[in-house]
Amino acid sequence: SVTVGAVSTASGSATNVLGLAETDDFYLSSSGQLLFGHNGNSGGGGGGGGGGGTSYVRLKRGGVAYAPGTGSSVVGSGLNLFRTGGHDVFVRLASGALQAQEVDTSGNILAGTTLQTSPGTAFSLALGGSVVGTGYNLFGLGGVDVFARTSTNQMAAYEFDTSGNQLSGHGQIGRAHV
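Residues numbered from 1 in each chain as written. Predicted model: local features only at pLDDT ≥ 70, side-chain atom pairs only at ≥ 80, totals over all residues. Heavy atoms only, no water.

Caption draft 1: Spotlight on the overall build of the protein. On a plain count of helices and strands, the protein comes out with zero helices and 17 strands. Counting all 178 residues of the protein, 45% fall into the buried class. Of the roughly 8200 Å² of accessible surface on the protein, 50% is carried by carbon and sulfur atoms. (Helix = DSSP H or I, 4+ residues; strand = E, 2+ residues; numbered from the N terminus. Buried < 20%, exposed > 50% of the residue type's maximum accessible area, 1.4 Å probe, protein only. Areas by Shrake-Rupley, 256 points an atom, 1.4 Å probe, with all protein chains shown as cover.)

Caption draft 2: Inspection of the packing of aromatic side chains at higher detail. Under the criterion given, the structure shown has two aromatic pairs. Ring centres of Phe-123 and Phe-160 lie 5.4 Å apart, and the angle between their planes is 85°; this geometry places the pair in the edge-to-face category. A residue pair is termed long-range when its members are at least 10 positions apart, and Phe-123 in the loop between strand 13 (121-122) and strand 14 (130-136) and Phe-160 in strand 16 (residues 155-160) qualify at 37 residues. Site record: aromatic cluster; members linked through ring pairs are Phe-123, Tyr-158 and Phe-160. (Phe/Tyr/Trp six-rings, centres within 6.5 Å; stacked < 30°, edge-to-face > 60°.)

Caption draft 3: Structural view of unusual backbone geometry. In this model, Asn-80 sits at a positive phi of 60°, which is unusual for a non-glycine residue. With respect to the helices and strands, Asn-80 occurs in the loop between strand 8 (73-79) and strand 9 (87-92). One non-glycine residue with positive phi stands out, namely Asn-137, at about 65°. Relative to the assigned elements, Asn-137 resides in the loop between strand 14 and strand 15 (144-149). Using a relative accessible area of 29% as the deciding quantity, one classes Asn-137 as partly exposed.

See the structure below:
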């Protein structure tokens with residue numbers, strides 16, 4: 001594990017990434033690497049200033065630190081999006097592109113990609129939007145679902161294949177008027 005330093009910036013929070021059914025805090029290190037840690041009853045975490053010396057885990061793929069870069073932020077979490085049994089972390093890059101990373105409780109990335117609306121075109125989430133959950137096969141296409149709250153407070157649902165390509169989606173979901 002690593003200690004979050006004073007030069008790190010808060011990047012968001014998500015629920016249950018470490019599998020402890022509580023809030024996990026995320027920080028971007030000064031080198032743009034994403035770190036996370038449990039903010040439970042142990043007094044750890046606490047936003048903004050670098051977590052007060054609490055020990056955090058560095059997200060990594062194949063032993064190499066995951067570094068989404070400055071200006072990126074964690075915008076939500078989910079469960080088992082890529083069907084590898086992990087917890088999902090959704091990262092909005094500075095460009096607005098949305099990445100999904102499925103991780104184990106040690107910070108190892110099991111699967112992940114930049115979501116796409118079509119090959120080569122990143123799926124984007126506007127600043128102020130967030131991912132509120134995941135699901136499976138909502139539109140009947142056999143894909144994985146991402147539920148989002150848009151920057152205008154609308155609910156949206158999108159279905160992707162396990163490679164991150166969008167199969168279907170609706171930018172707004174509302175109740176039927178009867």
